[in-house]
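So you can see what is in the structure, the chains are spelled out below.
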Amino acid sequence: MSILPYCVQIYDDRIESKGEKFHVIRMLSHVKKVVDMGDWYQIFFRFPYKNGRFVCQKNLIKQGSIPEFETKFKDVLIRNYKSD
């Protein structure tokens, strides 16, 4: 699908989402919340920086780890699923 990213990269101060027909850059300081959906994360930004193209599938994380990701966003992380 051309609306989903094939790559999301997180740097010290910014996050990039790349897809077949888009390349979006946002500052980490603009992150409003990160919602843990179980197998993936949805990253939301404050107005006027909103963009729905920031989704990260957990099993596709290639650099770093899930605990590192969650530590980076610990102040805005929301769990939105029930664990078994």
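Just above, that's the structure.
Residues numbered from 1 in each chain as written. Predicted model: local features only at pLDDT ≥ 70, side-chain atom pairs only at ≥ 80, totals over all residues. Heavy atoms only, no water.

(A) Structural detail: the side chain of lysine 58. Within the element layout of this structure, lysine 58 appears in the loop between strand S6 (55-57) and helix H1 (66-72). Polar contacts involving the side chain of lysine 58 include one to the main-chain carbonyl oxygen of glycine 38, which spans 2.8 Å. In this view, lysine 58 contacts Asp36, Gly38, Asp39, Trp40, Tyr41, Ile66, Glu70 and Tyr81; residues no more than four positions away in its chain are not counted. (Helix = DSSP H or I, 4+ residues; strand = E, 2+ residues; numbered from the N terminus. Polar contact = N/O pair within 3.5 Å; in protein donor to acceptor, adjacent residues only side chain to side chain. Contact = heavy atoms within 4.5 Å.)

(B) Broad picture of the pairing of strand S4 (residues 31-36). In this sheet, strand S5 (residues 40-45) lies alongside S4 in antiparallel orientation, the contact comprising five bridges. Residue lysine 33 lies in a different strand from S5, and its bridge partner there is phenylalanine 44. Taken together, the three bridges between S4 and strand S7 (residues 77-79) define a ladder with parallel strand orientation. Across the sheet, valine 35 pairs through a bridge with isoleucine 78, a residue of S7. (Pairing = 2+ DSSP bridges.)

(C) Region of the structure containing the sheet that holds S5. Strand order in the open sheet formed by four strands is S6-S5-S4-S7, with mixed pairing between adjacent strands. In this open sheet, the two strands that pair with only one neighbour each are S6 and S7. Going from strand to strand, the sheet's axes swing by 20° on average, the running direction of each strand aside. (Axes fitted to C-alpha atoms, helices over the stretch in contact; angles between N-to-C directions.)

(D) Seen up close, the layout of surface pockets. Of the volumes computed, that of the largest pocket is approximately 780 Å³. Val8, Gln9, Leu60, Ile61 and Lys62 are the residues nearest the centre of the largest pocket, which is lined by 22 residues in total. Looking at the lining of the largest pocket element by element, the count peaks at four residues for strand S1 (residues 7-10). (1 Å grid on protein atoms, 1.4 Å probe; cavity = no way out; pocket = protein on both sides within 12 Å on 5 of 7 lines; lining within 4 Å. Points joined across faces, edges and corners; volume = space filled by probe spheres on them.)

(E) Main features of the pairing of strand S2 (residues 14-18). In terms of strand pairing, S1 meets S2 through four bridges, oriented antiparallel. Bridged to cysteine 7 within S2 is lysine 18. Where S2 meets strand S3 (residues 23-27), five bridges bridge the pair, whose relative direction is antiparallel. Residue pairing in the sheet places serine 17 in a bridge with valine 24 of S3.

(F) Fine view of the side chain of glutamate 70. Here glutamate 70 shows up in helix H1. Of the polar contacts made by the side chain of glutamate 70, one reaches the side chain of tyrosine 41; its length is 2.7 Å. Dropping the residues within four chain positions of it, glutamate 70 is found in contact with Asp36, Tyr41, Lys58, Leu77 and Arg79.

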